[in-house]
Amino acid sequence: MGKRRSSSDRAGHRPANGWRVALTLLALAGLATTTPPPVRAHEDPNAAVPEIRAVRIEGELKVDGILDEAAWQDAPVADGFTQRNPNPGAPISQPTSFQVVYSATTLYIGIRADTDSPEDIVAREMQRDGPLFRDDALLVLLDTFHDHRNTYMFEANPLRARTDALIVDEGRSSDFQWDGLWEVGTSRNEDGWIAEFAIPFSTLRFDADRDTWGFQIRRIVRANNEFSFWSPTGLDANLFKTSRYGHLTGLEPPEPGLNLQVVPFVTGGVKDDAETGGSDDADAGLDVKWGITRNFVLDLTYNTDFAEVEADDLQVNLTRFSLFFPEKRDFFLENSGIFRFGPGAPTLDLFFSRRIGISPEGNMVPLEWGTRLSGRAKGWSLGFLDAQTEAATFEDEDGDREVVPSTNWGVLRVQRNFGQRVTVGTMVTNIETDDDDLGGDQRAWGLDANLNPTDRLNLTAFWAQTDDDDGDLAADEDGTWAAGVAADWRADTWNWELLAQEIRGGFEPKLGFVRRNGIRRYNGELGWQPRSDNPKILNYAYEAEIDMITRSDDSLESLELEFLLFGIELENANEVFFFAGHEVEDLDQPFEISDGVIIPAGRYEFEAVRGVWDTNSSLPLSGFVAVRVGEFFDGDRTGIEGTVRWRPNRFFRTETSYFYNDIELPAGDFSTTLLRQRAALAFTPDLSLNGLVQYSDAAELLGVNLRLRWTYRPGSDLFVVYNETWDAPSLGDPRERERQLIFKLSYLWGR
């Protein structure tokens, strides 16, 4: 049941411990004395790497999507795009060219996207960070350290909608919640459309010793579902295969100035609770971003408020394990890829940021302050985070209390690139609480490595250890460590993956996430996607996967075999897949799968089939449906999942999702229904209203989340958020629990 916050106590912060200071100084010393690794060329030594030279200009340009200034007339022009789909390696069907110039402050990229049929240009997304891949779109990728690993992504469509992201280790992790300060101007004419990107150097971290960056552009032509790249990218790679990028040369970026951004904010709101009545609140806080060097940025936050964050998606849990919810809070999302360790969540992660500021029962705990230092230089990557949460007490309507102590959370992440293809890293996490009876201190640390023997083969390994508050590494007789190795290989039509992990029973990182421990896991996957000679069919797909989990004594706990019997991707972007699966579950003890329905301990074997159909999401009306039919433990389960997407114009889009399970077991029959309705109204690319309505009969909860966002100037926002929840045994019987109206206004000083 939901809980409400009844009291909180502000706690003084703790001074930084010796381990933080020593390790941070050691890492920075290495950054200052190590030479950069060599630049890796494309895998084929005979392949020509495309290049374009950026031209230095005086003064700034008007960012309007009309490339009529003299600066554009003198800059070199690049073209030669090739398709990845639908005809790999073929020239792009529509003329596309671009130029790059830069001033003392800004990098400008002008792209001409011509077309034979301007009336067929698809442009229906106008909201910031919307799914622009559904439209005609242009995407720019910058490898500013030219390390063939990490990328800035900037994308725009003809409506001036834009999205951006930070990509780490060629896509092993990504941060699509990052919002950089940049602009784009677009225009349409009888030849097609033009996009003019303006990216301030202060938005980027880059290597001051290099005049060449990795550079890539992708164009989407939605009329024929065509994806093309300036630097050729085959089916054995993806958008973030940084080693396949071309070169942007001739750069002489400016020396960094103060590069300080200060964002004070004020919040206020009113709340009406069915149990406690009404209340109101007002507060203020501060976010600071300081680009210490071209490579490193320091983020500070005080009295942080996350009221503008969208509500979590409700989920139905038909397993005996904890559900995984992704992070949505900006402070923890930016540069989050640097903090990824080993295999990553939801399998195992040494650092899971949702532990900070969210209690075990899901209540929001006040974040008093936080600091983060992150960046890359000379082959090193560094991420340091320290945060302090206040003590708080929560009580639900049944009188149950949750007491959360004042806690300090620390994370240090260091990685080093060796040569062209090897990365080795370490991570240390530390938790300190004011009350050992309410949690106690804990440390965790680990080592991981990433190796690319060839452009198609990737090898990874990790080892991690946890330590309880009394420093006894042998506190659990089953061990407090975890380790694993993995390999994956990808070619044009074939791919395979292998994985082996062991997670001992005492491995429980309090600042991390582990779905289950005391296990050994073995996973293998083999896939084949042959191309088709039929012009209406892009490719077929066949796949087999085995996921076996044993206990530490090698007795079988879980086994899942899944076969993609047949899959097909059509030229019109429709997809159809048919799966068959076999599962084994050996339960040591019973578990309650639904209220009053208990699955007894024992060994279960069951089989099921599943079908999936997904239509072209670029169309005004599209959808997705999946149906599962078969056995489930010692009974049967029928599951239906469906989504309808509607984009009638550039202002409005909606998405309706329905999830249903009908389960028949000897212990009892039950069903689950989950409804989710999203809607977005974009008045301009900088002013939008988003709505999320959810209902779950399993949770007996109905919720509404409305969010108005107005970016009234770059980096400055006004949020108006309305939340309302009901206890709802059924949709026809809602009982109001709580409603809340929140305002948050921020203003950016500095660029």
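Quick caveat, the model's predicted, so the values are computed rather than measured.

Student: Honestly, the overall build of the protein in this entry has me stumped. Any pointers?
Tutor: Looking only at helices and strands, the protein has 3 helices and 45 strands in total. Considered along the principal axes of its C-alpha atoms, the protein spans approximately 75 × 60 × 50 Å. In the protein, which comprises 751 residues, the proportion classed as buried is 53%. The long-range share in the protein, meaning contacts at least 24 apart out of those at least 6 apart in sequence, stands at 60%. Counting every atom, the protein has about 32,100 Å² of accessible surface; 54% of that belongs to carbon and sulfur.

Student: How should I be thinking about the packing of aromatic side chains in this particular structure?
Tutor: To describe a pair of aromatic rings, one takes the distance between the centres and the angle between the planes. Taken as a whole, this structure holds 34 aromatic pairs when the rule is applied. Relative to Y660, the ring of Y658 lies with its centre 6.3 Å away and its plane at 5°, an arrangement referred to as stacked. When its relative accessible area of 23% is taken as the criterion, Y660 is described as partly exposed. Look at Y747 and W749: their rings are 4.9 Å apart centre to centre, the planes differ by 70°, and that puts the pair in the edge-to-face class. Overall, the relative accessible area of 51% leaves W749 in the exposed class. Every member of this aromatic cluster is reached through a ring pair, and the members are Y152, F154, W178, W182 and F197. Sitting over the face of the ring of F306, R329 holds its NZ or CZ atom 5.2 Å from the ring centroid. When the ring centre of F579 is taken as reference, the NZ or CZ atom of R610 above it lies at 4.2 Å.

Student: How do you make sense of unusual backbone geometry when you look at a structure like this?
Tutor: Peptide bonds are, in most cases, trans, and in most cases residues other than glycine have a negative phi. A cis geometry characterises the amide bond from N85 onward to P86, with omega recorded as 5°. Within the secondary structure layout, P86 lies in the loop between β4 (82-85) and β5 (96-102). With phi around 60°, H148 is a residue other than glycine that occupies positive phi space. With respect to the helices and strands, the residue H148 is situated in the loop between β7 (137-143) and β8 (151-156). For H148, a relative accessible area of 3% corresponds to the buried category. Despite not being glycine, F633 has its phi angle at roughly 50°, a positive value. Considering the arrangement of structural elements, one finds F633 in the loop between β38 (621-632) and β39 (635-646). Residue class for F633 comes out buried when judged on its relative accessible area of 8%.

Student: Would you mind going over the sheet that holds strand β11 (residues 183-189) with me for this structure?
Tutor: Sheets are built from strands that pair by backbone hydrogen bonding, the pairs being arranged parallel or antiparallel. Strand order in the open sheet formed by 5 strands is β3-β5-β6-β12-β11, with mixed pairing between adjacent strands. Edge positions in the open sheet fall to β3 (55-56) and β11, since each of these has one partner strand only. Where β3 meets β5, 2 bridges bridge the pair, whose relative direction is parallel. Each bridged residue has a counterpart across the sheet, and for V55 the counterpart in β5 is V101.

Student: When you look at the side chain of S622 in this model, what are you seeing that I'm missing?
Tutor: When you line up the elements, S622 lands in strand β38. The class for S622 is buried, based on a relative accessible area of 6%.

Student: Please explain a nonpolar patch on the surface as it appears in this structure.
Tutor: A cluster of nonpolar side chains, contributed by V609, V627, V629, I640 and Y658, occupies part of the molecular surface with about 370 Å² of accessible area. Mapped onto the elements of the fold, V627 is located in strand β38. Owing to a relative accessible area of 35%, V627 belongs among the partly exposed residues under this scheme.

Thresholds applied
- Residues numbered from 1 in each chain as written.
- Predicted model: local features only at pLDDT ≥ 70, side-chain atom pairs only at ≥ 80, totals over all residues.
- Heavy atoms only, no water.
- Helix = DSSP H or I, 4+ residues; strand = E, 2+ residues; numbered from the N terminus.
- Buried < 20%, exposed > 50% of the residue type's maximum accessible area, 1.4 Å probe, protein only.
- Contact = heavy atoms within 4.5 Å.
- Areas by Shrake-Rupley, 256 points an atom, 1.4 Å probe, with all protein chains shown as cover.
- Phe/Tyr/Trp six-rings, centres within 6.5 Å; stacked < 30°, edge-to-face > 60°.
- Lys NZ or Arg CZ within 6 Å of the ring centre and 35° of its normal.
- Pairing = 2+ DSSP bridges.
- Patch = residues over 30% accessible without salt bridge, like charges linked within 9 Å, V, L, I, M, F, W, Y side chains within 5 Å.
- Salt bridge = Lys/Arg side-chain N within 4 Å of Asp/Glu carboxyl O.

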